[in-house]
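Structural features, examined
Below, each chain spelled out in residue letters.
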Amino acid sequence: METIIVIIKALVVTLGIGAFLGLLLAVADKYLSVKADPRLEVLLSMLPGANCGGCGYPGCSGMADSIISGSNKQVSLCKPLKKEKLAEIIEYLKSTPGPDGSVLNDIK
Ligand code: SF4
């Protein structure tokens, strides 16, 4: 009988710790999560995807990151990008606000 009581106590303690940690993770997710800029995925899909490094970044995702973060304002650094696609990307970035409501107006 005593063994069963010990097992039940262990189960209750384990479930309590699990519930507490689950609650902690839920709160952290709600208040500490970083919202990804949805323009990043769209821009990445519009770039050629050659990952050639011709733009000076390690790949298309590096280039897309730099554009969306604002550290690079020249989509035209992408060598394989056709003129029509460049214009389409610039139009997209100038007309689509990020999570903070700002648009990338000075993109070339
Ligand atoms: S030059 Fe264009 S295709 Fe090549 S890695 Fe840079 S963004 Fe990608």
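Please read these numbers as outputs of a predicted model, since none were measured by experiment. (Residues numbered from 1 in each chain as written. Predicted model: local features only at pLDDT ≥ 70, side-chain atom pairs only at ≥ 80, totals over all residues.)

1. Let's talk about the overall build of the protein
Cut-off, in case you're wondering: Each helix is a run of DSSP H or I of at least 4 residues and each strand a run of E of at least 2, with the numbering of both proceeding from the N terminus. All radius of gyration figures rest on C-alpha atoms, and the globule criterion is 2.2 Å times the number of residues raised to 0.38. A pair of residues counts as a contact when their C-beta atoms, built from backbone coordinates, are separated by no more than 7 Å.
Regarding its fold elements, the protein presents 4 helices and 0 strands. Helices and strands in the protein line up, N terminus first, as α-α-α-α. In terms of overall size, the protein is more extended than a compact globule, its C-alpha atoms giving a radius of gyration of 24 Å where 108 residues would be expected to give roughly 13 Å. The principal-axis extents of the C-alpha atoms in the protein amount to approximately 80 × 30 × 20 Å. Once local pairs closer than 6 in sequence are excluded, the contacts in the protein between residues at least 24 apart make up 51%.

2. A short note on the site of the ligand
Formally: Placing the C-beta atom from the backbone, one calls a residue near a molecule or strand if that atom lies within 6 Å of it. Polar here means any residue other than Ala, Val, Leu, Ile, Met, Phe, Trp, Tyr, Cys and Pro, which are nonpolar, and Asp, Glu, Lys and Arg, which are charged; Gly is therefore polar.
Around the ligand, the surrounding shell holds 16 residues, and the nearest of these are Cys-52, Gly-54, Cys-55, Cys-60 and Cys-78. Partitioning the shell around the ligand into residue classes produces 11 nonpolar, 4 polar and 1 charged.

3. Observations concerning unusual backbone geometry
Cut-off, in case you're wondering: Here the C-beta atoms are placed from the backbone, and a residue counts as buried if at least 20 other C-beta atoms lie within 10 Å of its own, exposed if 12 or fewer do, and partly exposed otherwise.
A positive phi angle, near 50°, is found at Asn-51, a position not held by glycine. With respect to the secondary-structure elements, Asn-51 resides in the loop between helix H2 (38-46) and helix H3 (60-69). Residue classification places Asn-51 among the partly exposed positions, given that 14 C-beta atoms sit within 10 Å.

4. Describing the environment of Leu-43
The residue Leu-43 is located in helix H2 in this model. Overall, the presence of 23 C-beta atoms within 10 Å leaves Leu-43 in the buried class. Leu-43 sits 15 residues away from Pro-58 along the chain, and the two C-alpha atoms are 16 Å apart.

5. Considering the domain arrangement of the protein
The cut-off we apply is this: In this entry, domain limits derive from an automatic or database-based domain assignment.
Each assigned domain of the protein is listed here: domain 1 (1-33) and domain 2 (38-95). For domain 1 and domain 2, the distance between their C-alpha centroids amounts to 46 Å.

6. Quick word on the packing of H2 against helix H4 (residues 83-95)
In plain terms, the rule: To get an axis, a line is fitted to the C-alpha atoms, and for a helix only the part in contact is used. The angle between two axes follows their N-to-C directions and goes from 0 to 180 degrees. Oblique is the label for any angle not covered by the other classes, which are roughly parallel (under 35 degrees), roughly antiparallel (over 145) and roughly perpendicular (65 to 115).
In the contact formed by H2 and H4, the axes pass within 10 Å of each other and the chain directions differ by 170°. One element, H2, and the other, H4, form an angle in the roughly antiparallel class. Contacts from Val-42, Leu-43 and Met-46 in H2 reach Lys-85, Glu-88, Ile-89 and Tyr-92 in H4. Here the contact of H2 with H4 is composed, by residue class, of 5 nonpolar, no polar and 2 charged.

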